Amino acid sequence: PHPIHLKDYRPPEFLIDRVELRFELDPECTRVEARLALRRNPAATRGDGHLRLHGEHLKLTQVAIDGHVLTPAEYRVDGEGLTLHRVPDRFTLETWVEIHPGLNTALEGLYQSGDLLCTQCEAEGFRRITYFLDRPDVMARYTTTLIADRTRFPVLLSNGNPVARAELPDGRHSVTWEDPFPKPSYLFALVAGDLSVIEDGFVTASGRNVKLQIFVEPHNLDKGAHAMRSLKKAMRWDEERFGREYDLDIYMIVAVSHFNMGAMENKGLNVFNDKFVLARPDTATDADFDGIESVIAHEYFHNWTGNRITCRDWFQLSLKEGFTVYRDQEFTSDVGSRAVKRIRDVRTLRAHQFPEDAGPLAHPVRPDSYIEINNFYTTTVYDKGAEVVRMQAALLGPETFRRATDLYFERHDGQAVTTEDFVRCMEGASGRDLTQFRRWYEQAGTPELHIRGEYDATAGAYTLSVCQQTPATPGQPIKQPFHIPLAIGLLGADGRDLPVWLAGESAPPALGTRLLELTEPEHRFTFTGLSERPVPSLLRGFSAPVRVHDDLSDADRMFLMAHDSDGFNRWDAAQTLHERLLLALTNDVAHPIPEDYIAACRRALCDMSADRALLAEVLSLPSETYLSDRMTVIDVDGLHRAHRQLTQHIGERLRDDLLAVYHANAETGDYVFSPEAIGRRALKNLALAYLMRAGDEEGLALCHAQLEAAHNMTDVMAALRLLAEQGGAEADAALDAFHRRWAGESLVLDKWFSVQASAPRPDALERVMALLKHPDYSARNPNRVRALVSTFSNVNQVRFHAADGAGYHFLVDRVLELDPVNPLLAARLLKPLVRWRRFDSERQTLMRAELERVLGRSELSSDVFEVVSKALA
Ligand code: BAL
Ligand code: ZN
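Each value, and the rule that gives it
Residues numbered from 1 in each chain as written. Chains lettered and ligands numbered in written order. Predicted model: local features only at pLDDT ≥ 70, side-chain atom pairs only at ≥ 80, totals over all residues. Heavy atoms only, no water. Helix = DSSP H or I, 4+ residues; strand = E, 2+ residues; numbered from the N terminus. Rg over C-alpha atoms; globule rule 2.2 N^0.38 Å. Buried < 20%, exposed > 50% of the residue type's maximum accessible area, 1.4 Å probe, protein only. Contact = heavy atoms within 4.5 Å. Areas by Shrake-Rupley, 256 points an atom, 1.4 Å probe, with all protein chains shown as cover. Lys, Arg positive; Asp, Glu negative; His and termini not counted. Charge placed at Lys NZ, Arg CZ, Asp CG, Glu CD. Near = heavy atom within 4 Å. Polar contact = N/O pair within 3.5 Å; in protein donor to acceptor, adjacent residues only side chain to side chain. Expected span 1.5 Å × (residues − 1). Donors = N, O, S within 2.8 Å, 3.2 Å for Na, K, Ca; no water. Pairing = 2+ DSSP bridges. Axes fitted to C-alpha atoms, helices over the stretch in contact; angles between N-to-C directions. Salt bridge = Lys/Arg side-chain N within 4 Å of Asp/Glu carboxyl O. Domains from an automatic or database assignment.

Colleague: Sorry if this is basic, but what is going on with the overall build of the protein chain here?
Modeller: Secondary structure summary: the protein chain contains 28 helices and 32 strands in total. Relative to the globule expectation of 29 Å for 873 residues, the C-alpha radius of gyration of the protein chain, 28 Å, shows essentially globular dimensions. Taken along its principal axes, the extent of the C-alpha atoms in the protein chain is 90 × 70 × 60 Å. By the burial criterion, 61% of the 873 residues in the protein chain qualify as buried. If you take every contact in the protein chain between residues at least 6 apart in sequence, the share linking residues at least 24 apart comes to 71%. Counting every atom, the protein chain has about 32800 Å² of accessible surface; 51% of that belongs to carbon and sulfur. For the protein chain, the separation between the mean place of its 100 positive charges and that of its 127 negative charges on side chains is 2 Å.

The following block contains the structure:
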């Protein structure tokens, strides 16, 4: 496989204005007839006169130009597509192909999920449906006719509005859909099957009625209400916050059980992994409810950021993904707690994106090259991409940023554009020069800030020295300085914000946070008017995706943890305290656990005035996976031991407070999905976890009682997880009972698999291997594979990285098994092996040998080949 480079981008030689598709649907053999209105692109340079259309896994039965059927001498078909020799400047192309959805295990293109037929076309799946210019800068209007057996496929859906229906004499029926908006092929979708529908309506700000439909398999009809509420909330929010209204008369969501991603924003017809649609309080946890709300919102927001304005090419993926993640993050912040949302997003960024940026797969937010685009749906493109938008919003300020996004929507509606076009709108609306800021799109790697503070009592001045430096990444040895927004505050001894008054300014600014801008390798900022040494609150709200090295003492951090007006930084101060202690305990089992640290944890635990969800975050220790990224050479066993040691210590020392918090936050009424109720459950279950991990008898009794009460899935899973971690007959009995109770509920069974895969018991791998043979396990269902295999290899760090390498061998066996079946999923499974250089030399040898075992396999997919070859480079 060869890399594709951004620098080689050329506009398409031909454009397609109209697409008429006719599907005769059948899982065994579907016939696709396509009629394309093509014309030469006036903006493109003339090539060799041939027209190359993408197409894979298609059986071509006939091809015609302007009604004349071509002879085989007039075209050529190979594994990548169809070449037509000499075509007119404007013509109609007709093709007839056959495809086999029932055999499509890659879940790209048209495939079968249970009894349904559905599509996934992003990024390059449309070429598995018909011959086409399958690239996002070719936007066309589609009319789609679906024909299928009426009994087996009573519901036939595609993009846009239904315009015709017919009953056919042979037991089949047909529905024709017309999408008035030009779209790239990756947004095409169809769904056929026996589906039930939840219906509602939405009146847009301008008074148009939109029909909302969520399609699910009939037995899931009672699990769609939360998704519908979320959709309506998201639609209203986008009108209020971004001035964006929905454009079609109908908005459909379909939940399917076999899906590679979370969901897909196809125009007017979102197809979702059912995990992000289906929820009832007894089947789904708070995290599931949260996930549904934000993914429903994310896909809805794509209607403007992705669909109306799309990407010119796949190097621009972050144009739609980074901006849409930013938008869904803001939505969640506005409807819930901003600080808690920020904490969770930064946790994800630090746990996943920072290691990606520091490893062999590091790439810029706008990559320069790829072998397989499926490998670039990464945390860098999505989450760092969102940070890059967030920084521009911070630099512009809220009003100007809104003017800039208005300009973007106005200027580029209906176009396929680039991240450069986006930044130009930011510049256009603000008058600012973002030349240097563009480096965030171009340079990979996480910048490191070294910050030192110095107080001059005589002058009443405090000086911060800030240096930035970014480590080398593959292909980018030297980095230029970034333009970094650094939000800071200064706290006085009473814990209140002091003015952040820069020397030379005539008057002090308003109290609170101040945004400094870094553009040079080094800066010195002097603040005046300070009659006491302040405690600096640095990078408030995590104003830039950087690592900070500061000179604060533990006492400073405890002070910030108690007083910082920035909720995010209260949490971050606590995290740094936990982290430093955990790393010290990893290196030295006898390292003392300071009394003032325990006292600070107690104060936080008992602060009943605070948001419970925020407290739960403050008191949650960083994960072992996250901590491993903080070590030069990862000591998996030492980290696991230290984590247990500190958890147990806190559980013992704060026992009475934990029990009090548990009881104070217990509830028995109906499940409520509200930030307050979620916060109470989070804090209660955190208290339970500390008690259980400290071996507390009363905690154990509470855990059993909580499981028995089975009030909601959040509480059930919290208790089951803790029991499964402990192991023994009681745990096995609880797991068996859970399995019996939820037989047939696929998403709940995923939880049953994952809770066992994540339990760090010594026999974890044996159990996981036994579960591979369980009748409910299926390598054909990505959710099931992720629940068992990805959970074990990503979450259960200590067992996956067992010194004998058995975990690595297990994972590579799964990858090799899956690669011919579902390459996209196989490539993603490999991720935990990619950072092999971070481990001790014995583990390095074992991990490398397993990666080489993959590379030694003939006929690897381009997906897996790219990941492995880059990991070993
Ligand atoms: N476009 C792929 C799924 C998503 O990011 O919404
Ligand atoms: Zn997206």
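Colleague: How do you make sense of the site of ligand 1 when you look at a structure like this?
Modeller: Lining the immediate environment of ligand 1, one finds Glu 122, Met 261, Ala 263, Met 264, Glu 265, His 298, Glu 299, His 302, Lys 320, Glu 321 and Tyr 382. At a separation of 3.2 Å, a nitrogen atom of ligand 1 approaches a polar side-chain atom of Lys 320. The contact in question runs from an oxygen atom of ligand 1 to an N or O atom on the side chain of Tyr 382, over 2.5 Å. Expressed as a share of its isolated accessible area of 220 Å², the protein-covered part of ligand 1 is 96%.

Colleague: Would you explain helix H14 (residues 636-653) in this entry?
Modeller: An α-helical turn contains 3.6 residues, so any two residues separated by three or four positions project in the same direction. A rise of 1.5 Å per residue sets the reference length of H14, with its 18 residues, at 26 Å; its end C-alpha atoms lie 26 Å apart and thus fit the reference within 8%. For H14, the full list of buried residues reads Val 636, Gly 638, Leu 639, His 640, Ala 642, His 643, Leu 646, Thr 647, Ile 650 and Gly 651.

Colleague: I would appreciate a short explanation of the coordination of the zinc ion (ligand 2) in the present structure.
Modeller: Four donors placed tetrahedrally around a metal ideally meet at 109.5 degrees, and six donors placed octahedrally ideally meet at 90 or 180 degrees. Protein coordination at the zinc ion (ligand 2): the donors are His 298 (NE2), His 302 (NE2) and Glu 321 (OE), at 1.9 to 2.1 Å from the metal. All donors of the zinc ion (ligand 2) come from a single chain, and their spacing in sequence reads H-x3-H-x18-E. Residue His 298 is found in helix H2 (residues 286-301), and its partner Glu 321 is found in helix H3 (residues 317-335); the two are separated by 23 residues along the sequence.

Colleague: Looking at this structure, I do not really get the side chain of His 173. What am I missing?
Modeller: Position of His 173 among the secondary structure elements: in strand E15 (residues 172-184). A distance of 2.8 Å separates a polar atom in the side chain of His 173 from the backbone oxygen of Phe 153. Apart from residues lying up to four places away in sequence, His 173 is in contact with Leu 146, Ile 147, Ala 148, Asp 149, Arg 150, Phe 153, Pro 154, Leu 156, Ala 166, Glu 167 and Leu 168.

Colleague: Sorry if this is basic, but what is going on with the sheet that holds strand E13 (residues 155-158) here?
Modeller: Overall, antiparallel pairing links the 4 strands, which are arranged E10-E11-E16-E13 in an open sheet. The sheet is open, and its two borders are formed by strand E10 (109-113) and E13, each paired with just one other strand. Strand-to-strand twist of the sheet, defined as the mean angle between neighbouring strand axes without regard to direction, takes the value 15 degrees. Bridge count for E13 against strand E16 (residues 190-193) is 4 bridges, and the pairing is antiparallel. The residue of E16 that forms the bridge with Ser 158 is Leu 190.

Colleague: Honestly, the pattern of salt bridges in this entry has me stumped. Any pointers?
Modeller: Opposite charge on two side chains permits pairing when their charged atoms draw close. Per the stated rule, a full pass over the model turns up 85 salt bridges. Asp 290 is the partner of Arg 344 in a salt bridge, and the nearest nitrogen-oxygen pair spans 3.6 Å. Remark: Asp 290 occurs in helix H2 and Arg 344 occurs in helix H4 (residues 338-357); sequence separation between them is 54 residues. Note that Asp 334 is salt-bridged to Arg 338, the shortest N-O span being 2.9 Å. Judged by its relative accessible area of 38%, Asp 334 falls in the partly exposed class.

Colleague: I tried to follow the domain arrangement of the protein chain on my own but got confused; where do I start?
Modeller: The extent of an interface is frequently quoted as the accessible surface area lost upon association of the parts. The assigned domain composition of the protein chain is domain 1 (4-285), domain 2 (310-438), domain 3 (448-548) and domain 4 (550-695). For domain 1 and domain 3, the distance between their C-alpha centres works out to 50 Å.

Colleague: So what exactly am I meant to see when it comes to the pairing of strand E21 (residues 269-273) here?
Modeller: Strand residues, when the strand is regular, have side chains that alternate between the two faces of the sheet. Most of E21 sits inside the fold, with 5 of its 5 residues counted as buried. Residues Leu 269, Val 271 and Asn 273 line one face of E21 and the alternating positions Asn 270 and Phe 272 line the opposite face, and both faces are buried. With 5 bridges joining them, strand E19 (residues 250-256) and E21 adopt parallel strand pairing. Directly across from Ile 253, in E21, lies its bridge partner Asn 270. In this structure, strand E20 (residues 263-264) lies alongside E21, joined through 2 bridges in antiparallel fashion. Residue pairing for E21: Ala 263 is matched across the bridge by Phe 272. Hairpin connection from E20 to E21: 4 residues lie between these consecutive antiparallel strands, with Gly 268 at a positive phi of about 70 degrees.

Colleague: Hey, could you run me through the environment of Thr 348 in this one?
Modeller: With respect to the helices and strands, Thr 348 occurs in helix H4. Between the C-alpha atoms of Thr 348 and Arg 653, which are 305 residues apart in sequence, the distance is 30 Å. Once residues lying within four places of it in the same chain are set aside, the contact partners of Thr 348 are Gln 353 and Asp 383.

Colleague: Please clarify how the sheet that holds E15 should be interpreted in this entry.
Modeller: As a general point, the strands of a sheet are linked pairwise by backbone hydrogen bonds and lie either parallel or antiparallel. Spatially, 8 strands are ordered E6-E5-E9-E3-E2-E12-E15-E14 in an open sheet, and the strand pairing comes out mixed. Edge strands, defined here as strands with exactly one partner in the open sheet, are strand E6 (68-69) and strand E14 (161-167). The sheet contact formed by strand E3 (residues 30-40) and strand E9 (residues 90-99) spans 10 bridges and is antiparallel. Note that in E9 the partner of Leu 36 across the bridge is Leu 93.

Colleague: Would you take a moment to explain unusual backbone geometry for this structure?
Modeller: Keep in mind that most residues, glycine aside, have a negative phi and that most peptide bonds are trans. A cis geometry characterises the amide bond from Glu 122 onward to Ala 123, with omega recorded as 0 degrees. Mapped onto the secondary structure, Ala 123 falls in the loop between strand E11 (116-120) and strand E12 (139-149). Phi angles above zero are rare outside glycine, and Leu 539 is one such case at about 55 degrees. Inspection of the secondary structure assignment puts Leu 539 in the loop between strand E31 (535-537) and strand E32 (547-549).

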